[in-house]
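Take a look at the letters that make up each chain.
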Amino acid sequence: MCRIGSIKSKRYIHPSLALKLMRSQQKGHDNSGFAFIMQDLGGIFENYKDLPILSMAVTDEGMKYAEDLLHQTGFVRVFQYNPEVYPDSSLKIETMPNYVFEVFQYPKNYKNASREEKENLLLDTRLKLRSYLEKNEEGFVYSFWEDVISLKEIGNPNDIGKYFNLWSEEVNLKAKIITAQCRQNTNYDIVRYAAHPFFLQGYTTLTNGENTFYEKNKLMQQKLHRGYIGFESDSQCFLYTLHYVHKILKWPLKYYKHVLTPLSFDEMEKRDNKNVLERIKASLSNLEINGPNTTIGVLPDGTMFNVIDSKKLRPTVVCKDDDIVVMTSEVCGANEILPDRDITKDIYTNERELVVVDNDLNIQRISQ
Amino acid sequence: MTTVNINSISKDDLPWIIEYDSEKCMLCGHCVAACSFGAIKVDVQKRKKVRAISNEEGFQIDEDQKAIPVIRQVIDAHNFCRGCGICTKVCPNGAIKVTRNRTEIFGTRFRAKTSESVKRGGRSNLHTEGRTLDKIKVGRISQMTDPSLDALRHTFDLRTNLGRVVSADNLDFEIVNGELQEKPNEDLPVNTSIYPIMFSDMSIGALSPRMWEAIAIATAYLNEVKHIPIRMATGEGGIPDKLLRSKYLKYMILQIASGHFGWNRIINSMPYMQENPAGILIKIGQGAKPGDGGLLMAEKNVKLIQEIRGVPKADLLSPPNHQGLYSIEESVQKMFLSMNCAFRFKVPVAIKVAASSTSVSVYNNLLRDPYNIVGGFFIDGLQGGTGAAHEISLNHTGHPIVSKLRDCYLAAVHQGKQGQIPIFAGGGIGMNGNLAADTFKMICLGASGVFIGKLILQIAGCVGNDFGKCNGCNTGKCPVGITTQNPKLMQRLDVDRVAENIVNYICATDIELKKLLAPVGNSTLPIGRSDALVCVDKNVAERLNIQYVC
């Protein structure tokens, strides 16, 4: 089973905080992997907020292909960061030859391009790159987006932290939003792509649970958008549904909950907006989830939220102090990094609500 | 010496042989009175015993002659025993019973004697292959990876859609103060939520008014009291005025078939309707006799039926086709559009076809309907029952429902339109008595719901089965009052009791459906969730694209 956690902070924080958040929850996972996504970056990436960053783990051959492709597309590299690694035979980790975070300038012909055109370019470039690397087993590309870096690795989270020196609070990597998950996806094959958090065009999700409507979700999503690919994990479906509801349909976030876990027909009948709710339930019944789940998500504007299944079978706690909000599977993780908070203000998300944290760390509980 | 007439039908040609024990018989006559087919009669048996008694003078002849009243089987091409077993039921002493004649020669003799096609009711009686649904198991049980739900304590939402569902990007909502709202003049197709099991279309005419009434009462009770939103399709031939103008019309799906019987009355009642019907079902074909129209023998076309349908006393033969429909597109334009218009686009209009090799083409075309007015696709497989059909159709035409449902569902998936025209599947659903299991499996394979017909009759007391027993629905002589218009036979049916049995059966099925949903961890219908199923037959598994297990 996965354990998930996310931290949203007013000040820049280091991934070691995410490692601490997850370490105390290790009884709930199997120490088979660690992955994180950092958004709203500080440290060495703070000056490149408007430029896309490519995060990937590749072979030398893969690296060369990636550079050629980006060059041909017109991207110009302005900064590259290769994290220093600390190999040690005692570490339980399956490494790749190169871990790369590269910042690029958009192609010149995109100088006057719209936001949407740029977003499409980033997506299509990543998909092309992924397709090549996958075909030739030359590596993994996790994200190509502005102000976002991501890393997914197979192994013991503690050891992964040591390998990348993530435990020391050195200044290079910092962000205001960090989402992290421990455990590889052992239901299916061990693949790096199967590890949460999942990311698409500014949207991030990570999920603890089992999506028993995986087949329905997948068959539907495959036809909805070219970016809905992979499906190495049943939890990717949550990301694609979020992307579809919020970005493609442009519906307010609260309707994500109505799509994932629609109200019962009897309950809808009592609502003023029952016509809308019934339409949503009918049209998007294939995107409904069933089974135990909790999902933490981050929107492109930095909003962080949590929704859980309609039977409250998977818990999440939301904890807060003045500077930091933590959402995570188990409260012991939050105790680790927010020991002095007022625990009476902890929120255990209910089955019929959406808990939303804005950029000022105000928490809103929206009833479904 | 009696002449042996080998060309006549004899007792051992008949499909059922009556075994009678005169020693046990107390001559009450109940069996003869109860036999609606006239297949047994009271007769006299001549008994003669001749004894030679020896005495001192030699011997003496003692002749004992008796005429004993007995029950005899009628040997006739039309009034033959159907094996319904009513005689056995009414006999107080167990003096009479029926046995299936395994020679199966009767059909041959019947055709040779009468030059008629064999007709009957019921389902296909040929069992050439095992039942597909019984080879499929619900095999994906939530264990450790996720918890099973609790069928008794958790809530479940057992409803499905009837009506055209549009894709989300066509919903065209507007956002007002952070809320989605329907645009005022937006005309989205009507969509309703109903129970995934439907009472199939059996007409007043095919059924006795009492049987039809019992289903209607059960439907109303299940909706109003049990809150199970089940719907009843009326069958061709219209329904009583009183019901058309009552609030219960909202539970009825009105059928229009190629004979258009009963629609004059429906149209005339429209200004007086309090409620819209639950739907309109355009019947193109049925699984029991695909490519053939409805058939109501004159024997069953009694005064009440003549009034409801607006017809004279005669055999009522609905044509195989809707006259004037020559293509799928045309059917959409003409029938769907006119039916939608008639009810101001407030009532889902669906179509029922017999499963066929062409079903996917039909469904694909309907899915592309640009007007969004096709509200449901009903496919009826070859195990469906009927009130009257030629046996050749029942046994030798048609297409099994399971793979056809799957093909249609996957065709919709291929178009990215699964669920947009809900598929309802029928034809042998629940024929082994396990309605919940069949329904659940069909739903996982892609059905939005199922429809049942013959099973309801069996719940009501139908004594027929799929092994040649009874199946006399076409004769108008139904021994239990279900498919007859004979006032005396109808009296055998207790309307309230039948309604109660139907309600009980559906309530039990509702519990059983939850007992299948809970272990796979679902609280809503897993339409298309084929990963919940496994199959013990490799060929079936491969054909249906589900996991083979052994």
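Residues numbered from 1 in each chain as written. Chains lettered and ligands numbered in written order. Predicted model: local features only at pLDDT ≥ 70, side-chain atom pairs only at ≥ 80, totals over all residues.

## Observations regarding the overall build of chain A
Each helix and strand in chain A was counted, giving 10 helices and 18 strands. Computed over its C-alpha atoms, the radius of gyration of chain A comes to 20 Å, within 12% of the 21 Å expected for a compact globule of 368 residues. A principal-axis box enclosing the C-alpha atoms of chain A has dimensions of 60 × 45 × 40 Å. Per-residue burial for chain A yields a buried fraction of 54% across its 368 residues. Relative to all contacts within chain A whose residues are 6 or more apart in sequence, the contacts with residues 24 or more apart total 74%. (Helix = DSSP H or I, 4+ residues; strand = E, 2+ residues; numbered from the N terminus. Rg over C-alpha atoms; globule rule 2.2 N^0.38 Å. Buried ≥ 20, exposed ≤ 12 C-beta atoms within 10 Å, placed from the backbone. Contact = placed C-beta atoms within 7 Å.)

## Remarks on the overall build of chain B
The number of helices and strands found in chain B is 16 helices and 23 strands. Over its C-alpha atoms chain B spans a radius of gyration of 27 Å, differing by no more than 12% from the 24 Å that the globule rule assigns to 550 residues. Referenced to the eigenvectors of the C-alpha coordinate spread, the extents of chain B come out at roughly 125 × 60 × 40 Å. Counting the 550 residues in chain B, one finds 49% classified as buried.

## A look at the domain arrangement of chain B
Segmenting chain B into domains produces domain 1 (11-116) and domain 2 (133-165 + 196-463 + 499-517 + 524-548). A C-alpha centroid distance of 44 Å is found between domain 1 of chain B and domain 2 of chain B. (Domains from an automatic or database assignment.)

## What about the interface of chain B and chain A?
Of the residues lining the interface, 38 residues belong to chain B; the matching set on chain A comes to 31 residues. Every element with two or more residues in the side of chain B that touches chain A is listed here: β9 (179-181) and β10 (191-194) of chain B. Per-element tally for the side of chain B that touches chain A: the top contributor is β9(B), with three residues. Residue composition of the side of chain B that touches chain A, by class: 12 nonpolar, 18 polar and eight charged. (Nonpolar A, V, L, I, M, F, W, Y, C, P; charged D, E, K, R; others polar.)

## Details of the sheet that holds strand β18 (residues 376-380) of chain B
Residue and element names in this part refer to chain B. Taken together, eight strands build a closed barrel; the order of strands is β11-β12-β13-β14-β17-β18-β20-β21 and the barrel is parallel. Pairs of neighbouring strands in the sheet enclose a mean axial angle of 30°, with direction left out of account. With two bridges joining them, strand β12 (residues 231-233) and strand β13 (residues 252-256) adopt parallel strand pairing. If you follow A233 over to β13, its bridge partner there is I253. (Pairing = 2+ DSSP bridges. Axes fitted to C-alpha atoms, helices over the stretch in contact; angles between N-to-C directions.)

## Remarks on unusual backbone geometry
Residues and elements named next belong to chain A. Note the cis peptide between H196 and P197, where omega equals -5°. Locating P197 in the fold gives a position in the loop between β9 (173-182) and β10 (198-200). At E137, a residue that is not glycine, the phi angle is positive and equals roughly 50°. The topology assignment puts E137 in the loop between α3 (115-135) and β7 (139-146). Of note in the backbone geometry, L361 takes a positive phi value of approximately 65° without being a glycine.

## A look at the nonpolar core
One finds I215(B), F377(B), I379(B), L405(B) and I502(B) to be the most contacted residues of the largest nonpolar core, which totals 147 residues. Residue-level mapping places this core at the junction of two domains, with at least three residues from each of domain 1 (11-116) and domain 2 (133-165 + 196-463 + 499-517 + 524-548) of chain B. Leave out the neighbours within four places in its chain, and I215(B) touches F199(B), M232(B), I456(B) and I502(B). Counting 107 residues, the second-largest nonpolar core is a separate cluster that includes Y106(A), A195(A), Y256(A) and M327(A). (Core = buried A, V, L, I, M, F, W, Y, C linked by C-beta atoms within 7 Å.)

## A word on the sheet that holds strand β5 (residues 93-94) of chain A
Remark on secondary structure: sheet strands pair via backbone hydrogen bonds, oriented parallel or antiparallel. Residue and element names in this part refer to chain A. Here eight strands make up an open sheet; going across it, the order is β5-β8-β2-β9-β1-β15-β14-β16 and the pairing antiparallel. Both outer strands of the open sheet, β5 and β16 (347-348), are each paired with one neighbouring strand and no more. Note that strand β1 (residues 3-13) and β9 share seven bridges and pair antiparallel. Across the sheet, G5 pairs through a bridge with A180, a residue of β9.

## With respect to helix α5 (residues 214-221) of chain A
Three or four residues apart is the spacing at which side chains of an α-helix point the same way, because the helix has 3.6 residues per turn. Taking burial as the measure, the eight residues of α5(A) include seven buried ones, the bulk of the element. Where α5(A) is concerned, the buried positions are Y214(A), E215(A), K216(A), N217(A), L219(A), M220(A) and Q221(A). Residues of α5(A) that are buried make contact with α6 (236-248) of chain A together with α11 (401-415) of chain B.

## Things to note about the environment of I9(B)
All names here are of chain B. Within the secondary structure, I9 sits in the segment before β1 (16-20). Residue classification places I9 among the partly exposed positions, given that 19 C-beta atoms sit within 10 Å. For I9 and F199, which are 190 residues apart along the polypeptide, the C-alpha to C-alpha distance reads 40 Å.

## Examining α11(B)
Residues and elements named next belong to chain B. With 15 residues, α11 should cover 21 Å at 1.5 Å per step; its first-to-last C-alpha distance of 21 Å lies within 8% of that length. Restricting attention to buried positions, one finds in α11 the residues I401, V402, K404, L405, R406, C408, Y409 and A412. Next to the buried residues of α11 lie α9 (359-367), β18, β20 (423-426), α12 (435-444) and α16 (538-544). Phi turns positive, to about 70°, at G416, one or two residues after α11. (Expected span 1.5 Å × (residues − 1).)

## Let's talk about the packing of α9(B) against α11(B)
Residues and elements named next belong to chain B. At a minimum axis distance of 9 Å, the contact between α9 and α11 shows a crossing angle of 35°. The interaxial crossing formed by α9 with α11 has right-handed handedness. Of α11, the residues touching α9 (which contributes S359, V360, Y363, N364 and L367) are K404, D407, C408, A411, A412 and Q415. Residues that form the contact of α9 with α11 fall into these classes: six nonpolar, three polar and two charged. (Left-handed = near helix turned anticlockwise from the far one by under 90°.)

## Thoughts on the confidence of the model for chain B
Confidence in the prediction of chain B, expressed as mean pLDDT, is 92, and 99% of residues score 70 or more. Complex prediction metrics read pTM 0.93 and ipTM 0.93. (pLDDT = per-residue confidence, 0-100.)

## Things to note about the pairing of β9(A)
All names here are of chain A. Counting buried residues along β9, 10 of its 10 residues qualify, which places the element largely inside the surrounding structure. Relative to β9, strand β2 (residues 33-43) is paired through nine bridges, and the arrangement is antiparallel. Within the sheet, the bridge partner assigned to A35 lies in β9 and is Q181.

## A word on the packing of α12(B) against helix α15 (residues 495-517) of chain B
Residues and elements named next belong to chain B. It is the contact of α12 with α15, at a shortest axis distance of 8 Å, that shows an interaxial angle of 50°. Regarding the angle of α12 to α15, the classification is oblique. Note that α12 runs across α15; the crossing there is right-handed. The segment α12 lies against α15, with L435, A436, A437, T439 and F440 engaging T509, E512, L513 and L516. (Parallel < 35°, antiparallel > 145°, perpendicular 65-115°, else oblique.)

## Some words on the environment of S523(B)
Take S523(B): it is sitting in the loop between α15 and β22 (533-535). Residues S523(B) and K334(B) lie 189 residues apart in sequence; the distance between their C-alpha atoms is 39 Å. Ignoring sequence-local partners within four residues, the contact set of S523(B) consists of N290(A), S310(A), K311(A), L149(B), H154(B), T155(B), F156(B), D157(B) and L517(B).

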